[in-house]
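The residues making up each chain are set out below.
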Amino acid sequence: MKFIKAKGIVLKDVNFEESSKILTIFTSELGKIQALSKNCRRTLSPLSAVSQPLIYSEFVFAKTKEIYSISSASVIESFFDITQNVDLTIYSSYLIELVDSFIQIEQKNEDVLRLLLNSLYMLKKGVEPETICRIFEIKMLIFTGFFPQFTQCVRCQKSNLSRIFFSFNNAGVVCAECKEENDVEISLEVVEKILIIAATDLKKLSKIRIGKDLNNMLKNLMTTYIKLVLQKDVKILDFFKFIK
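Attention here is on the structure that accompanies the text. (Residues numbered from 1 in each chain as written. Predicted model: local features only at pLDDT ≥ 70, side-chain atom pairs only at ≥ 80, totals over all residues. Heavy atoms only, no water.)

Counting buried residues in strand β3 (residues 31–37) gives 6 out of 7 residues, a clear majority hidden from the surface. Bridge analysis of strand β2 (residues 20–27) against β3 gives 7 bridges, and the strand direction is antiparallel. Paired with Thr27 across the bridge in β3 is Gly31. Of the strand pairs in this sheet, β3 and strand β5 (residues 68–78) are connected by 2 bridges, and their pairing is parallel. Considered in β5, the bridge of Leu36 is made with Ser69. (Buried < 20%, exposed > 50% of the residue type's maximum accessible area, 1.4 Å probe, protein only. Helix = DSSP H or I, 4+ residues; strand = E, 2+ residues; numbered from the N terminus. Pairing = 2+ DSSP bridges.)

On the basis of which strands lie adjacent, the open sheet formed by 3 strands has the order β7-β6-β8 and antiparallel pairing. Strands at the two margins of the open sheet, each flanked by one partner only, are β7 (172–174) and β8 (184–186). Strand-to-strand, the axes of this sheet are offset by a mean angle of 45°, without reference to chain direction. The pairing of strand β6 (residues 164–167) with β7 spans 3 bridges and is classified as antiparallel. (Axes fitted to C-alpha atoms, helices over the stretch in contact; angles between N-to-C directions.)

Moving on, we get to the side chain of Ser92. Looking at the secondary structure, you find Ser92 in helix α1 (residues 86–102). Its relative accessible area of 2% is what places Ser92 among the buried residues. Engagement of the side chain of Ser92 in a polar contact is seen with the backbone oxygen of Thr89, the distance being 3.0 Å. Discounting residues that sit within four places of it in the chain, Ser92 has contacts with Leu54, Ile82, Leu120 and Leu123. (Polar contact = N/O pair within 3.5 Å; in protein donor to acceptor, adjacent residues only side chain to side chain. Contact = heavy atoms within 4.5 Å.)

It is worth stressing that arrangement in space is one thing and function is another; only the former is reported here.
Okay, here's the thing in structure tokens:
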């Protein structure tokens, strides 16, 4: 049996048998994996604290041919306090769902892991949640290779556009001359904010501010595009209507 040490955050947990769980864990060393947390639901289990979503821990995994099993673990950072607030629970669940949807089993992406941890930390510290989500969407698209073209028309390559339209089918902006029926007009302000976020280092993202109207425009654009990329609905978006 092989033992592997890795740092990771629990994305999801599913009860297994009478007292165990199967965890989906996003790690820097192994990528996204599923691991058995044996007997973690028993009273006083040493694995109880690390076997919940939003807990970032250092794990020691035992690896068999079939599955990883958690041998031991220690908490590095807990974001569990977020779940004490209904609104923040919805926002954090959105971030988790995006990561789980974009990242496949055994796929590694340390940039996305750092993005998730940084975003959860900002939620925990009281940064505006809507702003965090818009930043997260843009950075996620960059780090997974799906970021649209915003600096020139994707059809004729012309820049300095007087009117800007977004083509969901072509993953980028188009000029008025190249616009097709289903392309939607977006403002220069939207494009500029997206490019600012795209160019900003993760450590400085907490300084970015997005007004309510601009946030709504970015949200409609980004969530529509993300659903097309994933080719499915993002289920947690339905719960945003309950946020006060």
